[in-house]
Amino acid sequence: MEFLKDLWGFFRKYRKYWLVPLIIMLLLLGLIIILAGGSAVAPFIYTLF
């Protein structure tokens, strides 16, 4: 939780709000890869990359 506070403080201090969508998309992409890693969908997801 401390990491999220530090990250939010960085965004507020340096006005780097454009990084927020980038970080959210990277987290979602990682979540999709982790969740699909052990399923039958995995071969189809790996062909995208």
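Residues numbered from 1 in each chain as written. Predicted model: local features only at pLDDT ≥ 70, side-chain atom pairs only at ≥ 80, totals over all residues. Heavy atoms only, no water.

1. Notes on the overall build of the protein
Then, number 1: Looking only at helices and strands, the protein features three helices and zero strands.
Then, number 2: Ordering the α and β elements of the protein from the N terminus gives α-α-α.
Then, number 3: Looking at the 49 residues of the protein, the share that counts as buried comes to 10%.
Then, number 4: Per element, the accessible surface of the protein, about 4,500 Å² overall, is 76% carbon and sulfur. (Helix = DSSP H or I, 4+ residues; strand = E, 2+ residues; numbered from the N terminus. Buried < 20%, exposed > 50% of the residue type's maximum accessible area, 1.4 Å probe, protein only. Areas by Shrake-Rupley, 256 points an atom, 1.4 Å probe, with all protein chains shown as cover.)

2. Describing the packing of aromatic side chains
Then, number 1: Scanning all chains against the criterion turns up three aromatic pairs.
Then, number 2: Centre to centre, the rings of W8 and Y17 are 6.4 Å apart; their planes meet at 50°, and the pair counts as tilted.
Then, number 3: The exposure class assigned to W8 is partly exposed, which follows from its relative accessible area of 47%.
Then, number 4: Judged by its relative accessible area of 38%, Y17 falls in the partly exposed class.
Then, number 5: Geometrically, the ring pair formed by F10 and Y14 is tilted, given 5.1 Å between the ring centres and 50° between the ring planes. Taken together, the positions of F10 and Y14, both in helix α1 (residues 2-14) and four residues apart, correspond to about one turn of that helix. (Phe/Tyr/Trp six-rings, centres within 6.5 Å; stacked < 30°, edge-to-face > 60°.)

3. Considerations on unusual backbone geometry
Then, number 1: The residue R15 is not glycine, and still its phi comes out positive at about 55°.
Then, number 2: Note that R15 resides in the loop between α1 and α2 (19-36).
Then, number 3: Residue R15 is classed as exposed on the basis of its relative accessible area, which comes to 59%.

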